[in-house]
Amino acid sequence: MCEKLPNQGFVRHMQVVFLIPGKMMVLNGELGPLMTLGTTSAMTIQLAGNAGGTKLDVGCGVAGYTKDGMNTGRKDISHRNSPDFCEPAGR
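Here the structure is a predicted model, which means the values were calculated and not measured.

> I tried to follow the overall build of the protein on my own but got confused; where do I start?
Assigned secondary structure in the protein consists of zero helices and six strands. Ordering the α and β elements of the protein from the N terminus gives β-β-β-β-β-β. Across the 91 residues of the protein, 22% fall into the buried class. Long-range contacts, defined as pairs at least 24 residues apart, comprise 23% of the intrachain contacts of the protein with a sequence gap of at least 6. Total accessible area computed for the protein in this model is approximately 6,500 Å², and 55% of it derives from carbon and sulfur atoms.

Below, the structure written as structure tokens:
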């Protein structure tokens, strides 16, 4: 997943490393402020049909090093709209 920036810049957010079309996708890479830290992330997206349509299940694990520690309650590490989306491992 790439994002174009002004002056021919870009950001590569995550890379697909596993795919079962219509069922599951695993991505590796960092999002937002995690890009500048010594971390690694894996996001799993799973799809499952149900009576009302399709269930979407997204999970994310983050591990690594920050100078203040991974469990310091950093608000910039967690996704702004969901407190348990992409939080550091061990929280």
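From this point, things continue past the structure.
> I tried to follow the side chain of His-13 on my own but got confused; where do I start?
Among the secondary structure elements, His-13 is positioned in the loop between strand S2 (9-12) and strand S3 (15-20). Polar side-chain contacts of His-13 include one of 2.8 Å to the side chain of Glu-3.

> Explanation requested: unusual backbone geometry in the structure shown.
Working note: non-glycine residues mostly have negative phi, and peptide bonds are mostly trans. We note that Asn-7 has phi near 60 degrees; this positive angle belongs to a residue other than glycine. Relative to the assigned elements, Asn-7 resides in the loop between strand S1 (2-5) and S2. Positive phi, close to 65 degrees, is recorded for Gln-8, a residue that is not glycine. Structurally, the position occupied by Gln-8 is in the loop between S1 and S2.

> Help me understand the sheet that holds S3 in this model?
Consider a sheet: its strands pair through backbone hydrogen bonds, and that pairing is either parallel or antiparallel. Taken together, the four strands give an open sheet; going across it, the order is S3-S4-S5-S6, and neighbouring strands pair in antiparallel fashion. Looking at strand neighbours, the two that pair on one side only are S3 and strand S6 (53-65), the edges of this open sheet. When the angles between neighbouring strand axes are averaged without regard to direction, this sheet yields 15 degrees.

> How should I be thinking about the environment of Thr-44 in this particular structure?
Within the fold, Thr-44 resides in strand S5 (residues 38-50). Along the sequence, Thr-44 and Gly-61 sit 17 residues apart, while their C-alpha atoms lie 8.8 Å from each other. When sequence neighbours within four positions are dropped, the list of residues in contact with Thr-44 reads Met-24, Met-25, Val-26, Asp-57, Val-58 and Gly-59.

> Any chance you could explain the pairing of S3 here in plain terms?
Put simply, side chains in a regular strand alternate between the two faces of the sheet. Where S3 and strand S4 (residues 24-28) come together, five bridges link them in antiparallel fashion. Its bridge partner lying in S4, Leu-19 is registered against Met-25. Adjacent in sequence and paired antiparallel, S3 and S4 are bridged by three residues, among which Gly-22 carries a positive phi angle near 80 degrees.

Calculation criteria
- Residues numbered from 1 in each chain as written.
- Predicted model: local features only at pLDDT ≥ 70, side-chain atom pairs only at ≥ 80, totals over all residues.
- Heavy atoms only, no water.
- Helix = DSSP H or I, 4+ residues; strand = E, 2+ residues; numbered from the N terminus.
- Buried < 20%, exposed > 50% of the residue type's maximum accessible area, 1.4 Å probe, protein only.
- Contact = heavy atoms within 4.5 Å.
- Areas by Shrake-Rupley, 256 points an atom, 1.4 Å probe, with all protein chains shown as cover.
- Polar contact = N/O pair within 3.5 Å; in protein donor to acceptor, adjacent residues only side chain to side chain.
- Pairing = 2+ DSSP bridges.
- Axes fitted to C-alpha atoms, helices over the stretch in contact; angles between N-to-C directions.

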